[in-house]
Amino acid sequence: MIRRIAFALALGLLVTKIVVTTVHAQQGLSVQESVLRAKPATVLVISEVSAEVTLDCGSGSKTVTPPAFKETGTGWFIDPSGWVVTNGHVVQPAHETPRWLVNQMAQRAVTMACLGPALEAARMQPGEGSVAEEALKRRLLDKVLPTVKVTITPTISVKLSNGARLKSEVKKYSPPASAEVGAASGRDLALLKVPDGNYPMLPLADSTTAQIGDPIRILGFPGVVLSHELLNQSASVDASVTNGAVSGFKQDKANNPYIQTDAPAAWGNSGGPVINYKAELLGVLTFVSLAPGPEGSIVQGFNFIIPAQAVKDFVKDTGVKVNDPGKFNAVWFAGLHDYFTENYKGAVRKFEQADKIMAGLSDVKRMLGEAQQMVKNPPPKPFPWFWVAIGVTFLSAGGYGTQAFFRWQKNRYRVGPSEVIKLLESGTQPVILDVRQQAQYDLNPIKIHGSIRLSPEEIKNGDWAHLDLDTSRPVVAYCT
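Note that the coordinates shown come from a computational prediction; the quantities given were computed from them, not determined experimentally. (Residues numbered from 1 in each chain as written. Predicted model: local features only at pLDDT ≥ 70, side-chain atom pairs only at ≥ 80, totals over all residues. Heavy atoms only, no water.)

Turning to the overall build of the chain, a few remarks are in order. Looking only at helices and strands, the chain has 14 helices and 16 strands in total. Of all 480 residues assigned to the chain, the portion counted as buried reaches 38%. Across the chain, contacts joining residues at least 24 apart in sequence account for 69% of those joining residues at least 6 apart. Surface exposure of the chain reaches about 27,200 Å², of which carbon and sulfur atoms provide 57%. (Helix = DSSP H or I, 4+ residues; strand = E, 2+ residues; numbered from the N terminus. Buried < 20%, exposed > 50% of the residue type's maximum accessible area, 1.4 Å probe, protein only. Contact = heavy atoms within 4.5 Å. Areas by Shrake-Rupley, 256 points an atom, 1.4 Å probe, with all protein chains shown as cover.)

Next up, the structure:
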């Protein structure tokens, strides 16, 4: 009985550990692991419009190349073969180049080519008498602009964390949401295609199950980081992460659903993936809130996300394979799991495989270096209290089991008074031998009715042979 209890206790401890481990796994990944799963799939999206302007300042036709217009945002791989999702407004300047941008580039070209000679002819220095200079510039624009010819070259590219810049093509486009009367209003999504490959990707979550208070993280390339004067070029390939929670569920004027979050965001975060604790895409950051007034600074804590379900609907009639993990994710996720469970040798092997599939990704290189360092200098392991407890349990169970066995052997033929009474009441008349030691018998000379007195001394001397016992009846010895 004791052995069975001890075994059940030990089994219970093992099951408890397994259950605790399983529950911990179901609670989600650590912050570090979830972010590392998502970062390689996050990319910088660059919309660029360059132009060649042919004009005549009065001395003959010439071609001028004004500075290119460039806008950056964030995107992410939805399919490992090379499909990228971002905001529609991120690619809009290159996909639907607005008329104001063409006019702006023409004005810059006229200013670059014509203003200098005109100031020289008027015997004016640049910056001398701003009112006169501005009036001269205005006359030049009125004279030259009507005859200029502008040829624009829009390009959209995607920059990975290994520094590779891939040319992309817009395969599907929905304009940004708009409150302007008569303006096109859409879901603010764009689907890009880069050359085929084995890229990291982000799986899509079921955004319909999101609840207020759920933790989320936004990944992206905010412009304030990209242009920071104290940071080097690595800032343009390493995505930043901000943390927050789901803070509401809203609809735009067309009744399209949005998720509100208090996670901070800035210019450049547009199109960035918003992930949950499982490193699954909950949605895409689309627009922030601006303070009233001409400055229109960002009001943090009131940013909005396009739900993952809307992304699924957007790509359902394309060649995108949603939630196809590809080759990279399989080994990258396995390597991260090994690393965070302290299997550093396994992590090194898998990180090396990931680096072969997609070479040079910044997070892969960093984690490979850290895992190799852990293999060379492993951290001290904690004392195995769990297994010590199991060993002590089994030793205790063995000791109690041994005692119980000897007690059972000693008492396996012992019967209690109640069992004797049952025999009497059932009609089975047992032969009761009173074999108490003589000293005990003398102190308490009470005899059980019908019993036969036979002292231990008589048994030793063989004086029991004269007894005529009925061997067909059970024999019960009454002793001390």
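There's more to say after this.
In this section: the side chain of Arg37. Within the secondary structure, Arg37 sits in helix α2 (residues 31–38). Setting aside residues up to four positions removed in sequence, Arg37 forms contacts with Leu29, Lys278, Ala279, Trp332, Phe333 and Leu336.

Strand pairing in a sheet relies on backbone hydrogen bonds. The paired strands run either parallel or antiparallel. Within the open sheet, the three strands sit side by side as β15-β14-β16. Their pairing is parallel. Each edge of the open sheet carries a strand with a single partner, namely β15 (452–453) and β16 (475–478). Where strand β14 (residues 431–434) lies against β15, two bridges are found, and the strand directions are parallel. Each bridged residue has a counterpart across the sheet, and for Leu433 the counterpart in β15 is Ile452. (Pairing = 2+ DSSP bridges.)

Turning our attention to helix α5 (residues 130–144). Taking 1.5 Å per residue as the helical rise, α5 with its 15 residues ought to reach 21 Å, and the 21 Å between its terminal C-alpha atoms agrees with that figure. Looking only at α5, the buried set comprises Glu133, Leu136, Leu140, Leu141 and Val144. All buried residues of α5 project into a common sector of 135° when viewed along the axis, lining one side. Along α5, exposed side chains directed more than 90 degrees from the buried face belong to Val131, Arg139 and Asp142. (Expected span 1.5 Å × (residues − 1). Arc of directions from axis to C-beta.)

Here the focus is the environment of Asn276. Positionally, Asn276 belongs in the loop between β11 (273–275) and β12 (281–290). For the pair Asn276 and Leu29, spaced 247 residues apart in sequence, the C-alpha separation works out to 9.7 Å. Those residues in contact with Asn276, other than ones at most four positions away along the chain, are Ala205, Pro215 and Arg217. A polar contact is formed between the side chain of Asn276 and the backbone nitrogen of Lys278, at a distance of 2.9 Å. Within the structure, the side chain of Asn276 is placed 2.9 Å from the backbone nitrogen of Glu280, a separation counted as a polar contact. (Polar contact = N/O pair within 3.5 Å; in protein donor to acceptor, adjacent residues only side chain to side chain.)

The interhelical angle for the contact between helix α4 (residues 99–121) and α5, taken along N-to-C directions, is 120°, at an axis separation of 10 Å. Comparing the axis directions of α4 and α5 gives the class oblique. In this structure, the crossing between α4 and α5 has a hand that is right-handed. Here Gln107, Val110, Thr111, Cys114, Leu115, Ala118 and Leu119 of α4 lie close against α5, whose contacting residues are Glu133, Leu136, Lys137, Leu140, Leu141 and Val144. Across the contact of α4 with α5, the residue classes tally to nine nonpolar, two polar and two charged. (Axes fitted to C-alpha atoms, helices over the stretch in contact; angles between N-to-C directions. Parallel < 35°, antiparallel > 145°, perpendicular 65-115°, else oblique. Left-handed = near helix turned anticlockwise from the far one by under 90°. Nonpolar A, V, L, I, M, F, W, Y, C, P; charged D, E, K, R; others polar.)

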